Amino acid sequence: MISADETARHENVPLRLTSRDAIEQEVRKRVDEERRRLERQSHARDRVHFHRPVERPFTAAERHNVTILFGGLTWKHEWLIRSAFESAGYKVELLPTPDVAGFQLGKEYGNNGQCNPTYFTVGNLVQFLQGLEAEGMSRQDIIDKYIFVTAGACGPCRFGMYEAEYRLALRNSGFDGFRVLLFQQSGGFNQAGEADGLEMNVDFFLAFLNALNMGDVLNDVGYQMRPFEIEEGATDRAMAQAMEDLKEVLRTHRNQRLDGRMGAFLTSLPAVGGMAEKAGKFADALLGKEYPEALRQVGDNLRAVRIDRTRVKPIVKITGEFWAQTTEGDGNYRMFPFLEREGAQVLVEPIGTWIMYMIHQAKQANTDRAGVSEDEAMPAAWRIDKRMAADLQARKKNAALSVAEAVFTREWNRLREALGNIPHELTDQYELQRIGHPMYNSRAGGGEGHLEVAKNIYYSNKDMCHMVLSLKPFGCMPSTQSDGVQSAVVNQYKDMIYLPVETSGEGEINAHSRVQMALGEAKVKAREEMERVLEQTGRTLDEVREYAEEHSELQDPLYKVPHAKGVIGTAATFVLHVDDLMSKDAPATAAVPAGAGA
Ligand code: SF4
């Protein structure tokens, strides 16, 4: 507390000093006094501040004895990432999907006032470690034999605080010294330290990205199949088998190495050395057919599931905060199975969009900062040489990022193509920026930035969904900002059905009932669309169904039905397509006799 005397002394004594030096001296004196006072106050309250502990490193020697823990994505992504780790010789275990019990532990051991993904993910780790202890493992063994790996960032939202939160909660729950390893999500392809047990190098990131991309495209296909499967449960069974097959492909993948005499020769060249091996790895990733072939095989197996596309279902696009829109558990009230039970088709968000967003934002920041580095002002106008050098530097960086965009999109499309182009295309970041920027400044970082707003407009305007459901965690700063903007968006696009749901770990019934209400409107929209299409084609749904049963390829989940402008629903699009096929199949109408008619 500031004593009354001290306050009076500072507030009531005006600075009546004449020289600049005297003023500066007085200010410095008062600042020092205030600092001493705050230090006294802090000691008096015996407040212990959290400091980042010096952590024991995870060394290469420990690699075969220590188990890496990770989680936080969908089970498909996690399975594939685990296999990628295993192929590099690591012992890996997946954390379970976070639940409410974990959330409570996160609150108990973490700081106050965090956003709820922090509580869920931090508590989930503590819960897992407590489970190991309950099974009879000593705390010291747990601390020695497990580490946790997660993504980190220094963004403006609380994501930048996750690392500290993990450490604080671990200390508070009695696991002080448990190691948390971070790879920076914007840290590029090489974050390896020489003696690190976890080599975050080109191999690691290529394997990681491949696993993420394959998880994305399969996840997308699964959500397009399940609502239409003729035999209940067939999609999940086929997906489980697909994951087993892919897991094996990733696990047995061998990283590209420069072997033999030529390899030894190339790596010995000082100017080529490491570059040759890296280039080889990229070439292997770009030209290699292993993963597309494996997905093609998986696709062939998925074709055994038969689907009926004539079921009228509203398409619900999921957007929101990264974690809340990805997790498949209590963190978003188990929203995806709930929506499917309620008769919706869910359009999930791929992690690939996020990766492209990060590249896009890096490019934008690089352009904005051209010529200015963190500790240096823009060179004077007459230093044309320095300005040109800075400009060239920025162009080079942007060129490299453009290559990264092109390569990532190409890889994505190769995997898409292996599954009959059924997974959606990656959304164009430049288009999202163009759409979103007038509403939400695309330079505003944190969370999903302008994406939340832009996706709402994009998916609604492109006839890709009947409704947008934004899942945003309680206490999420960027989502709170974009919520304000969304009301302007909804005012401008009157036909849009948009529902933001704040996920807080509690209040599931309330959230589900709000979704049900909005879904009611979306169902009406889907039904009216179908009536319009049936009227336009002059067909009945029974006729279309009958035709599809006679043409088994139309029940194939990887059969590509062309998208029709102005039509959203899977069933309505299918009716238009079948009508087209039926018209082509119909016998040619009898020739009109010469001279008849006008
Ligand atoms: S985006 Fe929101 S929920 Fe996610 S870490 Fe940042 S503040 Fe938390």
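Bear in mind the structure is a predicted one, so any value in this text is a computation, not a measurement.

Participant: Can you tell me about the side chain of Glu452, naming the residues and giving the values?
Facilitator: Position of Glu452 among the secondary structure elements: in helix H18 (residues 451-461). A residue is classified by how much of its surface remains accessible, and Glu452, at 2% relative accessible area, is buried. Setting aside its immediate chain neighbours within four residues, Glu452 contacts Gly320, Ser470, Lys472, Ser479, Ser482 and Gln486.

Participant: Hey, could you go over the site of the ligand for me, with residue numbers and the actual values?
Facilitator: Around the ligand sit Cys115, Pro117, Cys157, Arg158, Phe159, Tyr162, Glu321, Gly447, Pro473, Cys476, Met477 and Pro478, and those are all the residues in its vicinity. The residue inventory of the shell around the ligand, partitioned by class, reads 9 nonpolar, 1 polar and 2 charged.

Participant: I'd like a description of the layout of surface pockets, backed by residues and values.
Facilitator: There is about 790 Å³ of room inside the second largest pocket. In terms of residue class, the lining of the second largest pocket is built from 18 nonpolar, 8 polar and 7 charged.

Participant: Lay out empty space enclosed by the protein with the relevant residues and their values.
Facilitator: The tally for this structure, following the rule as stated, stands at 3 cavities of 30 Å³ or more. Put simply, the parts of the chain that give the lining of the largest cavity at least two residues each are helix H8 (202-225), helix H13 (322-326) and helix H15 (351-368). Residues belonging to the lining of the largest cavity are distributed by class as follows: 10 nonpolar, 8 polar and 6 charged.

Participant: Account for the environment of Leu181, naming residues and giving values.
Facilitator: You can see Leu181 is positioned in strand S4 (residues 179-184). Sequence-distant contacts of Leu181, that is, excluding residues within four places in its chain, are made with Phe58, Ile147, Phe148, Val149, Thr150 and Leu198.

Participant: Help me get a handle on unusual backbone geometry, residues and values and all.
Facilitator: In this model, Arg334 sits at a positive phi of 50°, which is unusual for a non-glycine residue. With a phi angle near 60°, Asn421 is a residue other than glycine that sits in the positive phi range. Accessibility expressed as a relative area gives 29% for Asn421, which makes it partly exposed.

Participant: Tell me about the confidence of the model for the chain, residues and numbers included.
Facilitator: On average, residues of the chain score 85 in pLDDT, and 84% of them reach the 70 mark or higher. For residues 187-195, every residue scores under 50 in pLDDT, and the model assigns this stretch 21 contacts once sequence neighbours within four places are set aside. Of the regions scoring below 50 in pLDDT, residues 590-598 engages in 0 contacts with residues more than four places distant in sequence or in other chains.

Participant: So what's going on with the packing of aromatic side chains? Residues and values would help.
Facilitator: One pass over the full model with this rule turns up 12 aromatic pairs. Look at Phe120 and Trp323: their rings are 5.4 Å apart centre to centre, the planes differ by 35°, and that puts the pair in the tilted class. Separated by 203 residues along the polypeptide, Phe120 in helix H5 (residues 116-134) and Trp323 in helix H13 bring together distant segments of the chain. For the pair shown, Phe120 and Trp323 are each scored as buried. Judged by centre distance (6.4 Å) and plane angle (75°), the ring pair of Phe128 and Tyr146 falls under edge-to-face. Residue Phe128 is located in helix H5, and its partner Tyr146 is located in strand S3 (residues 146-152); the two are separated by 18 residues in the primary sequence. Three or more aromatic residues link up through ring pairs in this structure, and these residues are Phe103, Tyr119, Phe120 and Trp323.

The rules we used
- As a convention, each chain's residues are numbered from 1 in the sequence order in which they are written.
- Side-chain atom pairs in this predicted model are given and counted only at pLDDT of 80 or more, local residue features only at pLDDT of at least 70, and totals for whole chains, interfaces and linings cover all residues.
- In computing side-chain properties, one takes all heavy atoms of the structure into account and sets aside hydrogens as well as water.
- Strands are runs of DSSP state E lasting at least 2 residues, helices are runs of H or I lasting at least 4, and numbering of each runs from the N terminus.
- For every residue, the accessible area (1.4 Å probe, protein chains only) is compared with the maximum for its type, and the residue is labelled buried under 20%, exposed over 50%, or partly exposed between those bounds.
- Residues count as neighbours in contact if any of their non-hydrogen atoms are within 4.5 Å of one another.
- Throughout this document, a residue counts as near a molecule or strand when at least one of its heavy atoms sits within 4 Å of that molecule or strand.
- We call Asp, Glu, Lys and Arg charged. Ala, Val, Leu, Ile, Met, Phe, Trp, Tyr, Cys and Pro are nonpolar, and the rest, Gly among them, are polar.
- A 1.4 Å probe that fits into a set of points on a 1 Å grid over the protein atoms alone but cannot get out defines a cavity; an open set with protein on both sides within 12 Å along at least five of seven lines defines a pocket, and lining residues are those with an atom within 4 Å of a point.
- Grid points are joined across faces, edges and corners, and a volume is the space filled by probe spheres set on the points.
- Residue-level confidence of the predictor is summarised by pLDDT, bounded by 0 at the bottom and 100 at the top.
- Classification of ring pairs rests on two measures: the distance between centres of Phe, Tyr or Trp rings, Trp counted by its six-membered ring, which must be within 6.5 Å, and the angle between planes, read as stacked under 30 degrees, edge-to-face over 60 and tilted in between.

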